[in-house]
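Structural overview for review
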Amino acid sequence: MTIEIRDLRPDELRPWLEAVETAFGEGVREERIAGFERIIERDRMLAAVDGDTIVGGGAIFSLGLTIPGGELPAAGVTAVGIMPTHRRRGALTELMRRQFRDARARQEPLAILWASEGSIYQRFGYGLASLSSTLELPQARGVFRTKVEPEGRIRFIDRDEATRIFPPVHDRIRRETPGFITRTAAHWDVEVLDDPAWRRNGAGPRFLTVHEVGGVPEGYLIYRIREDWDWTGFKSTLEVRELMAATHRALRELWSFCFGVDLVATVRSVLGRPDHPLLLMLTEPRRLKLTLADALWLRILDVPGALTARGYAASDRLVLELTDVFLPDQAGRWTLDTTGDRPRVERTEAPPDLALDITDLGAIYLGTFAPSELARAGRTSQITPGAISRADAVFATAQRPWCPEVF
Ligand SMILES: CC(C)(COP(=O)(O)OP(=O)(O)OC[C@H]1O[C@@H](n2cnc3c(N)ncnc32)[C@H](O)[C@@H]1OP(=O)(O)O)[C@@H](O)C(=O)NCCC(=O)NCCS
């Protein structure tokens, strides 16, 4: 029997959730459903069905993604799962095809996602577009090179105040950092500020703090304490959920705060910048045990739309020979011309400078990787001598991409 991909009907949320959660090896958490209903976009949910039975599906959030020099609408692919009884029969492949068609119809030049496994999505044209870092170190090793003399003040706030204060701070950083995504008010409420017991995972409540200078918010920190102690002493861990700083002093002062909380033995942070600021702030960067992992995967759905919206660092004209197996209408030769006031991208018959795959372009797009790094990995290749260095100069960005949240 074939598996069909179709829109989810209004009364099918529960069987859909049951199927998708089963694919992830989990059951439906009753307490999650109300929150999920608030953030999910009902008209962007797809079901995979076998006859009358829902056997999986996927959904999309309509996001704004910060890109070098601007922002673009992006299809934020989420909650993709096919039940173990129906795996490897092409359901995901059909789901991807349908999602790409829908995103294109909505003028979204990009699709982005976090992958449970990197091996799943590259075949559909997703490239590794951002990295994120994890760190964990003994609190006592968090020694700053220069003592942090606070200019601001950090205070604990409640959820109502955080609802007013946090989004504008987040927005300031979002606008200047490629890889950031927009957050709706519902998303803030359900995913960031709500603190249900099931999400604590054995740790304590979520603390909300703001950093202010002269009463003006410059940053915030959301953290938990995972309490642990015995008669030999305390061993608790401070877990940073989100540290956002719109100024350099707020950044230093908030991190310094994390290393000054009493009864904490370990500081842990996930979903951090790949170029983590603590590397340059602490006397012993190695102690951070900084680990990098894949974060956002990005699929270009509209080559001219995506490339003309981006900013470039050098003026040049490059002919790209693009392969795109899953969306072959994009394959072939394109000129990227950054010599004028605005970048231009057109079909061409001219001889190519560079050969690359759509996954390579996805990896270059936000600025995480340079064309020369892809060349070194045996991917992007140069046809015209010097083309890789020219492409490095054109695609160079000032800011490293960072996506601080999984969706
Ligand atoms: C990942 C998942 C959605 C794949 O669905 P599926 O319907 O089995 O995928 P398809 O049958 O369309 O597979 C298409 C191709 O991708 C490959 N593939 C699919 N899942 C893969 C995986 N996890 N690792 C490696 N390859 C994978 C298949 O082997 C197939 O390759 P082929 O065309 O060379 O034969 C499904 O296995 C699942 O729900 N897994 C658990 C939940 C999960 O990880 N979801 C993704 C969240 S980001």
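Residues numbered from 1 in each chain as written. Predicted model: local features only at pLDDT ≥ 70, side-chain atom pairs only at ≥ 80, totals over all residues. Heavy atoms only, no water.

Side note on the side chain of E253
Keep this limit in mind: Strands are runs of DSSP state E lasting at least two residues, helices are runs of H or I lasting at least four, and both sets are numbered from the N terminus onward. Categorising residues by exposure relies on relative accessible area from a 1.4 Å probe, with only protein chains included: less than 20% of the type maximum marks a residue as buried, more than 50% marks it as exposed, and the intermediate range marks it as partly exposed. Positive: Lys, Arg. Negative: Asp, Glu. His and the chain ends are not part of the count. Salt bridges are identified by distance alone: a Lys or Arg side-chain nitrogen within 4 Å of an Asp or Glu carboxyl oxygen. Polar contacts, as counted here, are pairs of nitrogen or oxygen atoms within 3.5 Å of one another; within protein the pair requires one atom able to donate a hydrogen and one able to accept it, and residues that are adjacent in sequence qualify only if both atoms are side-chain atoms.
With respect to the element layout, E253 can be found in helix α7 (residues 248-258). R249 provides the closest opposite charge to the buried, unpaired E253, separated from it by 5.7 Å. One polar contact links E253 to H211, side chain to side chain, over a distance of 2.6 Å.

A short note on the nonpolar core
Under the convention used in this document: In this text, buried Ala, Val, Leu, Ile, Met, Phe, Trp, Tyr and Cys residues form a nonpolar core when linked through side-chain atoms within 4.5 Å. Residues are treated as being in contact if the distance between any of their heavy atoms lies within 4.5 Å.
If you look at the biggest cluster of nonpolar residues, it comprises 59 residues, and the most contacted ones within it are W16, L65, L110 and Y365. Ranked by residue count, the leading element in this core is strand β3 (residues 53-67), at 6 residues. The contact partners of Y365, leaving out residues within four places of it in the chain, are I67, P68, L72, L110, L298, I300, A306, L307 and R310.

Examining the site of the ligand
Condition: Whether a residue is near a molecule or strand depends on its heavy atoms: it is near if one of them lies within 4 Å of it. Gly is put with the polar residues, along with every residue not named as nonpolar or charged; the nonpolar set is Ala, Val, Leu, Ile, Met, Phe, Trp, Tyr, Cys and Pro, and the charged set is Asp, Glu, Lys and Arg.
Neighbouring residues of the ligand: 20 residues in total, closest I82, R88, G90, T93 and S116. Between the ligand and the protein, one listed contact pairs an oxygen atom with a backbone N or O atom of L92 at 3.1 Å. T93 places a polar side-chain atom, nitrogen or oxygen, 2.7 Å from an oxygen atom of the ligand. Those elements that place two or more of their residues in the shell around the ligand are β4 (70-82) and α3 (91-105). For the shell around the ligand, the per-class residue count stands at 10 nonpolar, 5 polar and 5 charged.

Regarding helix α1 (residues 13-23)
Turning to α1, its buried residues are L13, W16, L17, A19, V20 and E21. On its buried face, α1 is in contact with α2 (30-39), β2 (45-50), β3 and β4. After α1 finishes, the residue G25 shows a positive phi value of roughly 80 degrees.

Here's the deal with the pairing of strand β16 (residues 296-300)
Defined as follows: Following DSSP output, two strands are said to pair if at least two bridges run between them.
Of all 5 residues in β16, 5 are buried; the element is thus mostly enclosed. With burial as the criterion, each face of β16 is covered, one bearing L296, L298 and I300 and the other bearing W297 and R299. In this sheet, β16 lies alongside strand β5 (residues 110-114) in antiparallel orientation, the contact comprising 5 bridges. Each residue of the ladder has a partner; that of I112, found in β16, is L298.

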